[in-house]
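Structural characterization, general
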Amino acid sequence: VPARSMLLAGADERDLTKLAEYQAIGGYAQALRARAMTSDDLIAELQSATLRGRGGAGFPMGRKASLVDRKSPKPKYLVVNADESEPGAFKDREVMARAPHRLIEGCLIAAHAIESQEVFIYIRGEYLTEYEILARAAEQARKAGILGDVNITVYRGAGAYICGEETALLESLEGSRGQPRPRPPFPPVQGLYMSPTEINNVCTIATLPAILELGVEGFTSIGTPGSPGTVLFSVSGNVEKPGNYELELGTSMRELIYTHAGGIAGGRQLKAVIPGGSSVPALTPRQIDVPLDFDSIGAIGTFFGAASLIVVDDRCCMVQLALRSTKFYMHESCGKCTPCREGTRWIVQLLERIESGDATTADLELLRKVCDRIEGKSLCALGDFAVWPVQSYFDKWHDEWVAHVEQGSCPYGGESSIEGIFAPSDQHTHSPVATVPA
Amino acid sequence: VSTAEFDAKVRKLAAQFPDSKTAILPALRLAQEENGGWLDTESFERVGEALGLTPAYCQAVASFYDMFHFAPVGRHSIDVCTNLSCALSGAQEVVDAFESELGVAPGETTEDGEITLRTVECLGGCGYATVVSVDNRYRQFVKAQDVPSIVEDVRAG
């Protein structure tokens with residue numbers, strides 16, 4: 001494995017959707033090695049590798065596996081979270097499309113560690129092409145006898161951001177509305193069908209073969225001590241070369257944006273970087289000389305999240321950006337907790353008033369208060385995800401918000417900062433008008 | 001298809017899972033496909049009957065998800081992502097172009113019943129904006145000038 005390519009190693013040279021091609025580069029050898037180990041030894045190795053979860057929270061994968069109640073008489077489940085829905089994130093999709101067998105091999109390793117024979121890969125419903133590729137790869141592996149006694153089911157979601165939240169995902173997989181569960185109990189103790197369950201992101205699981213191949217020492221020599229390995233960074237927005245870039249953890253954010261992604265498109269100026277997917281606080285241009293790893297990003301008041309950077313140029317109005325972001329979270333709020341369900345609507349109303357120039361200074365204060373009354377007050381993090389961007393745009397680009405009030409209109413002119421970039425509010429329909437039959 | 005055939009298909013789906021209730025999403029998807037792309041009262045009854053659930057339960061689950069529809073839709077769907085990265089890359093121009101090409105607003109279906117246009121949330125193609133999902137297959141890097149040929153393709157297919 002070349003140092004900087006684990007997840008997509010070989011995918012540029014070969015068609016790794018084919019089993020034979022994956023095997024030609026040593027594919028499935030690590031699953032065999034894992035199976036030759038006891039689950040205790042394998043978990044110890046994964047813990048030593050200190051692989052941090054790639055889905056957003058960064059929880060050490062090996063530790064999570066160690067928490068699974070393997071002594072339980074119930075079946076143990078491995079669930080792969082392939083519900084990638086965070087705006088800005090498109091890394092899991094590329095891994096599934098181009099290296100599906102690596103994900104499946106990772107599943108076999110993780111399943112062996114937690115003594116599971118049942119694996120579910122929950123893939124978002126919109127990823128139909130990736131579902132087909134993955135299901136075909138799993139079938140090839142099954143026919144070739146590679147899966148052994150492990151059963152892998154690829155299960156399609158049906159369009160709900162919240163199902164990327166692990167307990168909501170379990171609810172959805174069990175055939176209920178995808179609403180998060182109170183915790184504890186945590187999934188390793190009581191997860192799918194009330195049984196011990198390990199849930200990991202696609203990129204986390206797809207990194208496991210590299211850990212076994214390189215060994216703990218080899219793996220932890222890549223990246224930073226607190227965040228070893230590589231990450232597939234999704235870069236989107238106003239850059240010259242948007243796309244996924246697999247880089248060592250600890251690479252500078254400036255290097256990712258200006259070298260790999262080619263800098264700001266059209267020679268314009270950088271205004272903001274949303275570093276972890278749309279749910280996290282944004283950074284100003286002065287803050288981007290930071291190593292891309294969990295701890296360094298956390299130390300400057302935001303989150304590494306899903307390693308998905310949305311780059312915003314100087315044409316953008318931060319109030320409009322906040323409005324578009326909050327409308328998404330309002331739509332995706334599952335409705336279970338009042339602060340999130342009602343609060344996101346309040347924020348949207350306030351932001352619309354501010355953007356249209358009808359707000360007063362009191363409205364700005366109210367907006368900040370409503371944010372504070374949502375943050376930390378719901379079962380899952382969706383409420384936080386709705387307000388963190390708004391709070392950061394409000395605090396860091398405060399003059400712009402005050403200007404909306406003082407000027408009585410958007411300082412970026414007219415309805416929009418870039419002509420027509422943000423759709424009018426009444427356009428966000430998700431399905432034909434919902435006249436639900438009686 | 002007949003109720004018996006539908007039941008058989010759904011029971012086969014259900015047999016794959018430790019709990020038959022897990023089959024509700026694939027069963028609803030099947031019911032939607034067989035009902036011209038949307039779910040009506042009878043769809044919930046069929047799914048409920050096949051899985052031993054009430055129609056109300058099936059409707060409650062379906063209504064949680066964006067990919068189920070509860071009113072007639074066109075034979076084809078065009079879903080334009082308008083979330084942050086696509087918006088920053090000009091998604092609104094793409095939406096406007098579809099509106100003028102099709103003569104309908106997002107959420108509406110062309111008069112001939114062929115195409116439903118929607119604006120949708122992030123499709124996970126942010127680096128390849130604007131992403132347009134045509135009958136659940138992604139077109140990427142879509143610009144306003146690509147719209148007429150996409151519509152032509154859809155109408156031909």
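Per the secondary structure count, chain B includes 7 helices and 4 strands. Ordered by position from the N terminus, the helices and strands of chain B form the series α-α-α-α-β-α-α-β-β-β-α. Overall, chain B is about 50 × 35 × 25 Å in size when its C-alpha atoms are taken along their principal axes. The buried share among the 157 residues of chain B stands at 59%. Long-range pairs, those at least 24 residues apart, make up 62% of the contacts in chain B between residues at least 6 apart in sequence. Total accessible area on chain B is roughly 6,200 Å²; 48% of this is exposed by carbon and sulfur atoms. Charge centroids of chain B, computed over 12 positive and 24 negative side chains, lie 8 Å from each other.

Attention shifts here to the sheet that holds strand β8 (residues 308-313) of chain A. Residue and element names in this part refer to chain A. Taken in spatial order, the 4 strands make up an open sheet running β6-β5-β8-β7, and their pairing is mixed. One side of each edge strand has no neighbouring strand; the edge strands of this open sheet are β6 (243-248) and β7 (270-274). Mean inter-strand twist for the sheet, computed between neighbouring axes without regard to direction, equals 25°. For strand β5 (residues 230-237) and β6, the ladder comprises 6 bridges, and the chain directions are antiparallel. For V235, the partnering residue across the bridge sits in β6 and is G243. Seen against the sheet, helix α5 (residues 91-98) touches β5 and β6 and runs at an angle of roughly 120° to β5.

Right, let's talk about the packing of helix α3 (residues 39-49) of chain A against helix α9 (residues 202-220) of chain A for a bit. In helix packing, the relevant descriptors are the interaxial angle and the interaxial distance, both defined with respect to the helix axes. Residues and elements named next belong to chain A. Two elements in contact, α3 and α9, have axes separated by 9 Å at closest approach and are oriented at 60°. With respect to α9, the element α3 is oriented oblique. Pair α3 / α9 crosses with left-handed handedness. Every residue of α9 that contacts α3 at L42, E45, L46, S48 and A49 is listed here: L208, I211, L212, G215, V216, F219 and T220. Looking at side-chain class alone, the contact of α3 with α9 contains 8 nonpolar, 3 polar and 1 charged residues.

Looking along a regular strand, one sees side chains alternate from face to face of the sheet. Residue and element names in this part refer to chain A. Summarising burial for strand β3 (residues 151-156): 5 of the 6 residues are buried, a large majority. When strand β2 (residues 118-123) meets β3, the two strands line up parallel, connected through 6 bridges. Across the sheet, F120 pairs through a bridge with T153, a residue of β3. Handedness of the crossover joining β2 and β3 through helix α7 (residues 128-143) is recorded here as right-handed.

Turning to the interface of chain B and chain A, a few remarks are in order. Residue-level contacts link 56 residues of chain B with 76 residues of chain A. Interface of chain B and chain A: buried area, both sides summed, is about 5,100 Å²; carbon and sulfur atoms make up 54% of it. Where chain B meets chain A, there are 2 salt bridges. In this structure, the connection of chain B to chain A is made through 25 residue pairs in polar contact (both at pLDDT 80 or more). Taken together, the residues of the side of chain B that touches chain A break down into 28 nonpolar, 18 polar and 10 charged.

On to the environment of S116 of chain A, then. Residues and elements named next belong to chain A. You can see S116 is positioned in the loop between α6 (100-113) and β2. You can call S116 buried: its relative accessible area is 3%. When near neighbours in sequence (up to four residues on either side) are disregarded, S116 contacts K76, Y77, L78, A111 and V150. A polar side-chain atom of S116 sits 3.1 Å from the main-chain carbonyl oxygen of E118.

For the coordinates displayed, the defined rule picks out 33 salt bridges over all chains. E166 of chain A serves as the salt-bridge partner of R183 of chain A, at 3.8 Å between the closest nitrogen and oxygen. With R183 of chain A in the loop between α8 (166-173) and β4 (197-201) and E166 of chain A in helix α8, this residue pair connects regions lying 17 residues apart in the sequence. We classify R183 of chain A as partly exposed; its relative accessible area is 28%. The residue R324 of chain A makes a salt bridge to E121 of chain B at a minimum N-O spacing of 2.8 Å. You can see R324 of chain A sitting in helix α12 (residues 318-332) and its partner E121 of chain B sitting in the loop between β2 (115-120) and β3 (132-134), one on each of two chains. The residues R324 of chain A and E121 of chain B share a single accessibility class, namely buried. Through salt bridges that share partners, K64, E165, E166 and R183 of chain A make up one connected network.

Basis of the calculations
- Residues numbered from 1 in each chain as written.
- Chains lettered and ligands numbered in written order.
- Predicted model: local features only at pLDDT ≥ 70, side-chain atom pairs only at ≥ 80, totals over all residues.
- Heavy atoms only, no water.
- Helix = DSSP H or I, 4+ residues; strand = E, 2+ residues; numbered from the N terminus.
- Buried < 20%, exposed > 50% of the residue type's maximum accessible area, 1.4 Å probe, protein only.
- Contact = heavy atoms within 4.5 Å.
- Areas by Shrake-Rupley, 256 points an atom, 1.4 Å probe, with all protein chains shown as cover.
- Lys, Arg positive; Asp, Glu negative; His and termini not counted.
- Charge placed at Lys NZ, Arg CZ, Asp CG, Glu CD.
- Pairing = 2+ DSSP bridges.
- Axes fitted to C-alpha atoms, helices over the stretch in contact; angles between N-to-C directions.
- Parallel < 35°, antiparallel > 145°, perpendicular 65-115°, else oblique.
- Left-handed = near helix turned anticlockwise from the far one by under 90°.
- Nonpolar A, V, L, I, M, F, W, Y, C, P; charged D, E, K, R; others polar.
- Right-handed = clockwise from strand over helix to strand, strands pointing away.
- Buried area = accessible area lost by both parts, 1.4 Å probe.
- Salt bridge = Lys/Arg side-chain N within 4 Å of Asp/Glu carboxyl O.
- Polar contact = N/O pair within 3.5 Å; in protein donor to acceptor, adjacent residues only side chain to side chain.

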